[in-house]
Amino acid sequence: MTLIKEPDYGTPGRVSERTVTLEIDGIAVSVPEGTSVMRAAAEMGFQIPKLCATDSVEPFGSCRLCLVEIEGRRGTPASCTTPAENGMKVKTQTPKLAKLRRNVMELYISDHPLDCLTCAANGDCELQDMAGAVGLREVRYGYEGDNHLDAVKDESNPYFTFDPSKCIVCSRCVRACEEVQGTFALTIDGRGFASHVAASQDEDFLASECVSCGACVQACPTATLMEKSVIEAGQPEHSVVTTCAYCGVGCSFKAEMRGTEVVRMMPYKDGGANHGHSCVKGRFAWGYATHKDRITKPMIRSKITDPWQEVSWEQAISHAASEFKRIQAKFGRGSVGGITSSRCTNEETYLVQKLVRAAFGNNNVDTCARVCHSPTGYGLGTTLGTSAGTQTFDSVMEADVILVMGANPTDAHPVFGSRMKKRIREGARLIVIDPRRIDLVNDAHVKADYHLALRPGTNVAIINALAHVIATEGLINEAYVKERCEPADFELWRNFVSEERNSPEATEHLTGVPAADVRAAARLYATGGNAAIYYGLGVTEHSQGSTTVIGIANLAMATGNIGRMGVGVNPLRGQNNVQGSCDMGSFPHEFSGYRHVSNDAVRESFESLWGVKLESEPGLRIPNMLDAAIDGSFKGIYIQGEDIAQSDPDIKHVTGGLEAMECVVVQDLFLNETANFAHVFLPGTTFLEKDGTFTNAERRINLVRKATPPVPGYADWEVTMLLSNALGYKMDYKHPSEIMDEIAAMTPTFKGVSFRKIEEQGSVQWPCNDAAPDGTPIMHIGKFVRGKGRFVLTEYVPTDEKSTAKFPLLLTTGRILSQYNVGAQTRRTGNIAWHDEDVLEIHPHDAEQRGIHDGDIVSVMSRAGETALAALISDRMQPGVVYTTFHHFGSGVNVVTTDFSDWATNCPEYKVTAVEVRPTNRPSEWQLKYAKLRDDTRQIAGKTAAE
């Protein structure tokens, strides 16, 4: 196989209803109005030499290599900056142009090291290619002049080098940082021969504002910015297009390889979600796949304090199956269950829930998606009729007003965050509702019009206040509501939100947000044009998470902001397959497609296909399983790709439940925190080692393609199949495409989905069925899925978790750019350079009151538990609120979080925990005990287990 490079058309494509026809080298071509001459030629297959131009950024016209001659015009204009016009006659190859181009290239080469044979970019260097393209055979200038050949290389970034001696100052990296990423970390400093690329204030890359998205490296035409993995391994020889396994944006990548070794991950230009952009995690943090900590052989043990014993796959599967059978024989059919993962593929998730229902014979299946976005499913399903976001990501580029609530896109969904920032720089107005001052509120190039810095736990009150303004000031889109929504429910809602108790003035003492700001934000949202809402876990992970989602949908319906480009209600999913794990029937009360297990017709259709009688009563959620384990009635669990002992709330309760079980089977890449309590460990596979699909936050189903063989020998779906067969329920799939065929046959919204269709289209957004054979980028056009939109009352009910004299501060949690979820993957990559521990952000006033200085170790105590963290004094916080992340197991953040949860879905209330913070000089008692437990439970016979 050979590496096929994606074509570079030199300048971005243009979209226009009008076309122009011109003649290039005697051949006529028609292109959309606004297309550059360079791109018009490239689309014909004519490659005009270029260096400063690339189709990911706007034309710049600095390298003077792409000169052309145009009949009737003087001089030789740059083809990249010259728009194509009707009747234009262009020549791209003439003796005059050839001489000019050679002269230009001669100047470039005179200030460039001639080490091509040993250069890491040899074979993938545009400067080298262009020297050949223009026929450069000699350089008349010496190397004694003022040049860059002795410039010092910057090796500070863990993933790429910056070698200024090879820089041709084309500005492509600078423009990519500005236009694609929106960080503006790079600039051209100096003039003439002193011109050079500078990161921030001429700092090294690691210390600068650079977020390591890779856009600059991708744009660089020489070896100036080069991946260290390519320097070490050599140029890739072939590639496989696959999908990133980090956040819910669902970026497409080319895994570029030598043999079976991945050399680099290159963002795929045709990726529907990312359009060739990436973030530090997807672009660079894939080294965990070959990390020494990976467990590659199955292991079993009798007690969690016993050393792990490596065994064959046959022994491990047989042992797990016999233990589950023994437990069910002794304690009943409902004494075991399973947990699916949002990190696994749709096909793997579907098989786990099928195993629980058909092989275990119960509905005791749950997923990590419930502890983050289950209120989205409930709230949007209730109001709009479907449990997913309404828009495609590209829709944000047509939004005039963007409301971001309880989300931090630049950290948690950075590729989409970059696109959102681009739209804001183009003029979209921004409202941010968040207790913390996230980057979007006020950075150097993006500023929110309104930051409603509410108190944690008052989301419903702020939504009701916004609705009050819209209802009482005549801002409702009456025509839209009359046509699209249930009239009786709407009138009840209008009367409810119009009550004085819901006014901004009446709720100000609850939310802490000035009434004037709430009124101004509501008016902007209702009257500013296309208005889109994007929300995250800061909305859902509350005791009123479902109520807030309902309130958000009410706002969008009342203002007519659903059913077209540029508007909508858009949940930002945290992990790569949160949407898919929900779609696949991972909840104890639902089959795939969000259909209740008590629905006789639906259940009977599954019984007919699966050949087994199914339970009609919902099973246990994760908290219920743990409760039952402590009570003694739940004794066994199969957990694929999920680490509940770190990610779920009230860790003492979680670990207590796990310790009470007799057979805990964990299937994962590493000995995670849940594996400390496991009796069987089944090695998992990374996204690079298997086939399947992920579904991102915009309902886009992307293929995951196997690039390397599965290190343990089996892909995760095959392991589930082996376990099911050992339990006596036969599964016989030859490929994940067959599993998707079954999903499509059993799930109305997936009826038209197949691996073949995804291959043909690149991706598919569900619903994809007879009514929408090519998928559905925008939902609820013309009418809502449920028919008429339903307004639902959103009564504000204060959380039971309140600050008190003993616990006067409110703790909220979130994520950081460089790390992902529980950190099991990213902590085993170079990303550790940016965030090697979780820290507690605290406002200067609160820190001063407690005698806390920056970097001090502080105790964080709640009614549930206590941990110790380093303090970071930060004015991002408002007084009375503290913040931390949960990426490191040793921080024990979820020892502190409580067992309060959403009233409708049991989604944990991670975002509101009353705490006290005080200086300390030691780890908490829990941290000390847990460190010992880890040491006692992680030994492998004949080995020393790594972290």
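Residues numbered from 1 in each chain as written. Predicted model: local features only at pLDDT ≥ 70, side-chain atom pairs only at ≥ 80, totals over all residues. Heavy atoms only, no water.

A. Spatial organisation of the pattern of salt bridges. Applying the stated criterion to the full structure yields 55 salt bridges. A salt bridge links Arg264 to Asp124, with the nearest nitrogen and oxygen atoms 3.1 Å apart. A residue pair is termed long-range when its members are at least 10 positions apart, and Arg264 in strand 11 (residues 261-267) and Asp124 in the loop between helix 2 (95-110) and helix 3 (126-133) qualify at 140 residues. On the basis of relative accessibility, which here comes to 6%, the residue Arg264 falls in the buried class. The partly exposed category is assigned to Asp124, whose relative accessible area is 25%. Residues Asp400 and Arg423 are paired through a salt bridge, measuring 3.5 Å at the closest nitrogen-oxygen approach. Placement of the pair is Asp400 in the loop between helix 10 (370-383) and strand 16 (401-405) and Arg423 in helix 12 (residues 414-425), with a sequence separation of 23 residues. (Salt bridge = Lys/Arg side-chain N within 4 Å of Asp/Glu carboxyl O. Helix = DSSP H or I, 4+ residues; strand = E, 2+ residues; numbered from the N terminus. Buried < 20%, exposed > 50% of the residue type's maximum accessible area, 1.4 Å probe, protein only.)

B. Representation of the pairing of strand 24 (residues 663-668). Most of strand 24 sits out of view: six of its six residues are buried. Burial of the side chains of strand 24 extends over both faces: Cys663, Val665 and Gln667 are buried on one face and Val664, Val666 and Asp668 on the other. When strand 23 (residues 636-640) meets strand 24, the two strands line up parallel, connected through five bridges. Bridge pairing in strand 24 places Gln640 opposite Gln667. With four bridges joining them, strand 24 and strand 25 (residues 680-683) adopt parallel strand pairing. Along strand 25, the bridge assignment pairs Asp668 with Pro683. (Pairing = 2+ DSSP bridges.)

C. Structural view of a nonpolar patch on the surface. On the surface, a nonpolar cluster with roughly 250 Å² of combined accessible area is contributed by Leu107, Val139 and Tyr141. Position of Val139 among the secondary structure elements: in the loop between helix 3 and strand 5 (160-162). (Patch = residues over 30% accessible without salt bridge, like charges linked within 9 Å, V, L, I, M, F, W, Y side chains within 5 Å. Areas by Shrake-Rupley, 256 points an atom, 1.4 Å probe, with all protein chains shown as cover.)

D. Focus on the nonpolar core. Ranked by internal contacts, the top residues of the largest apolar core, which has 68 residues, are Leu225, Ile402, Met420 and Leu430. Ranked by residue count, the leading element in this core is helix 12, at four residues. The contact partners of Leu430, leaving out residues within four places of it in the chain, are Ile402, Val404, Ile424, Leu440, Val446, Ala448, Asp449 and Tyr450. Ala388, Phe591, Leu614 and Leu703 belong to the second largest nonpolar core, which has 54 residues in total. (Core = buried A, V, L, I, M, F, W, Y, C linked by side-chain atoms within 4.5 Å. Contact = heavy atoms within 4.5 Å.)

E. Geometry of a negative patch on the surface. Where like charges cluster on the molecular surface, the negative patch consists of Asp189, Asp202, Glu203, Asp204 and Glu209. Following the sequence through the fold, Asp189 ends up in strand 6 (residues 186-189). Overall, Asp189 belongs to the partly exposed group, its relative accessible area being 35%. (Lys, Arg positive; Asp, Glu negative; His and termini not counted. Charge placed at Lys NZ, Arg CZ, Asp CG, Glu CD.)

F. Fine view of the state of the cysteines. Counted under the stated rule, the structure contains zero disulfides. Free of any disulfide, Cys125 has its nearest cysteine sulfur in Cys119, 6.2 Å distant. Since its relative accessible area comes to 9%, Cys125 is described here as buried. For Cys768, which is in no disulfide, the shortest distance to another cysteine sulfur is to Cys582 and amounts to 20 Å. (Disulfide = S-S within 2.5 Å.)

G. Spatial organisation of the packing of helix 13 (residues 459-472) against helix 19 (residues 545-558). One can describe the packing of helix 13 onto helix 19 by two numbers: an axis separation of 9 Å at closest approach and a directional angle of 15 degrees. Relative to helix 19, the element helix 13 lies roughly parallel. For the crossing formed where helix 13 meets helix 19, the hand is left-handed. Touching Asn459, Val460, Ile463, Leu466, Ala467 and Ile470 of helix 13 are Thr547, Thr548, Gly551, Ile552 and Leu555, all from helix 19. Grouping the constituent residues of the contact of helix 13 with helix 19 by class yields seven nonpolar, four polar and no charged. (Axes fitted to C-alpha atoms, helices over the stretch in contact; angles between N-to-C directions. Parallel < 35°, antiparallel > 145°, perpendicular 65-115°, else oblique. Left-handed = near helix turned anticlockwise from the far one by under 90°. Nonpolar A, V, L, I, M, F, W, Y, C, P; charged D, E, K, R; others polar.)

H. Region of interest: helix 15 (residues 487-498). Given a rise of 1.5 Å per residue, 12 residues ought to cover 16 Å, and the 16 Å separating the end C-alpha atoms of helix 15 matches this to within 8%. Where helix 15 is concerned, the buried positions are Phe490, Trp493, Arg494, Phe496 and Val497. Buried residues of helix 15, viewed axially, fall in a sector of 165 degrees; they line one side. Counted as exposed and oriented over 90 degrees from the buried face of helix 15: Pro487, Ala488 and Leu492. On its buried face, helix 15 sits against helix 13, helix 14 (478-484) and helix 19. (Expected span 1.5 Å × (residues − 1). Arc of directions from axis to C-beta.)

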